[in-house]
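Next come the chains, spelled out residue by residue.
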Amino acid sequence: MNILIVDDHPFIIQAYKNALDKYSQQGYEFVITRANNCKSGYESITESKTPFDVAFFDISMPEYAEKGIYSGEDLAMLMKTEMPRCKIILLTMHTELLKINNIIKTINPSGLVIKNDLTFDELIFAFDKIMNNENYYSQTVIKLVSQAQYNNIELDAFDKQILFYLSKGVKTKDLPLYIPLSFSAIEKRKLNIGELLEVKEGNDIDLINEAKTKGVI
């Protein structure tokens, strides 16, 4: 099996390898490719001559803005396009319901694990289920998705880009230079984002702070 691991924490990569070693003892053979940021992850996906069977992505990693890759989520979406049969496992520190729901709705990963839930046994159990073509969500994810507070909130890729560039200090009038939308379209989206995040009034800072609180950026 061809495995991709993209994570900027060496101890997490080692945990994955330890889990895979257990399966190697049962007769499985793995070819592992490792990357530690969005750039090397992007290159691993786009330059691989052999499709990956399973890919592990950390959500938060150093970005690759030149290719529009800002997180493990973006790499997962790229993987779904390039290698749709690859089983995707995402690891995150985020425990905000909106963030988790967006990940599930937009990526629908085979596995989603909150880092605080991660133990060696948990990783083995997750990988075992995924190897048997079942999905695996860690306990915190299961608790979060059982809640309904933000179940109907969805932000698309353009919405997320708007929030991202605003968080980097880009002015709204300059957003068309970074995002392929007109100024009026961006303004309408900002209003919609404000309603979804329950920011009825306020400036860009208020919008960004609420987006961070709810795990959107």
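All values reported here derive from a predicted model rather than from experimental measurement.

### Describing the overall build of the protein
Scanning the protein from N- to C-terminus turns up nine helices and six strands. Here the C-alpha radius of gyration of the protein, 18 Å, is about what a compact globule of 217 residues would show, namely 17 Å. Dimensions of the protein along its principal axes, counting C-alpha atoms only, are 60 × 40 × 25 Å. Within the protein, the fraction of its 217 residues that count as buried is 47%. In the protein, 65% of the contacts between residues at least 6 apart in sequence involve partners at least 24 apart. Here the protein displays about 11,300 Å² of accessible surface, and carbon together with sulfur accounts for 48% of that area. Here the protein holds 24 positive side-chain charges and 30 negative ones, and the gap between their average locations is 2 Å.

### A short note on the pairing of strand 1 (residues 2–6)
Taken across its five residues, strand 1 has five buried, putting it largely inside the fold. The alternating pattern of strand 1 places Asn2, Leu4 and Val6 and Ile3 and Ile5 on opposite faces, both of which are buried. Here five bridges tie strand 1 to strand 2 (residues 31–35), and the two strands are oriented parallel to one another. Its bridge partner lying in strand 2, Leu4 is registered against Thr33. Each parallel crossover has a hand, and for strand 1 linked through helix 1 (residues 10–24) to strand 2 it is right-handed.

### Remarks on the pattern of salt bridges
Think of it this way: side chains of opposite charge can pair up when their charged atoms draw near. Evaluated as defined, the whole model comprises nine salt bridges. Across the salt bridge formed by Asp58 and Lys115, the nearest N and O atoms sit 3.1 Å from each other. Here Asp58, found in strand 3 (residues 54–58), pairs with Lys115, found in the loop between strand 5 (111–114) and helix 5 (120–131); they are 57 residues apart in sequence, far enough to count as distant. With respect to burial, Asp58 and Lys115 carry one shared label: buried. Linked through salt bridges whose partners overlap, the residues forming this network are Glu73, Lys99 and Lys160.

### A few points about the side chain of Ser138
Of note, Ser138 is situated in the loop between strand 6 (136–137) and helix 6 (139–145). By relative accessible area, which is 0% here, Ser138 ends up buried. Engagement of the side chain of Ser138 in a polar contact is seen with the side chain of Asp117, the distance being 2.7 Å. Among residues more than four places away in sequence, those in contact with Ser138 are Leu112, Val113, Ile114, Asp117 and Glu122.

### Topic: the sheet that holds strand 4 (residues 87–92)
Read from one edge of the open sheet, six strands run 2-1-3-4-5-6, paired in parallel fashion. Where the open sheet ends on each side, the last strands, each with one partner, are strand 2 and strand 6. With four bridges joining them, strand 1 and strand 3 adopt parallel strand pairing. Looking at the pairing, Ile3 lines up with Val54 of strand 3.

What counts as what
- Residues numbered from 1 in each chain as written.
- Predicted model: local features only at pLDDT ≥ 70, side-chain atom pairs only at ≥ 80, totals over all residues.
- Heavy atoms only, no water.
- Helix = DSSP H or I, 4+ residues; strand = E, 2+ residues; numbered from the N terminus.
- Rg over C-alpha atoms; globule rule 2.2 N^0.38 Å.
- Buried < 20%, exposed > 50% of the residue type's maximum accessible area, 1.4 Å probe, protein only.
- Contact = heavy atoms within 4.5 Å.
- Areas by Shrake-Rupley, 256 points an atom, 1.4 Å probe, with all protein chains shown as cover.
- Lys, Arg positive; Asp, Glu negative; His and termini not counted.
- Charge placed at Lys NZ, Arg CZ, Asp CG, Glu CD.
- Pairing = 2+ DSSP bridges.
- Right-handed = clockwise from strand over helix to strand, strands pointing away.
- Salt bridge = Lys/Arg side-chain N within 4 Å of Asp/Glu carboxyl O.
- Polar contact = N/O pair within 3.5 Å; in protein donor to acceptor, adjacent residues only side chain to side chain.

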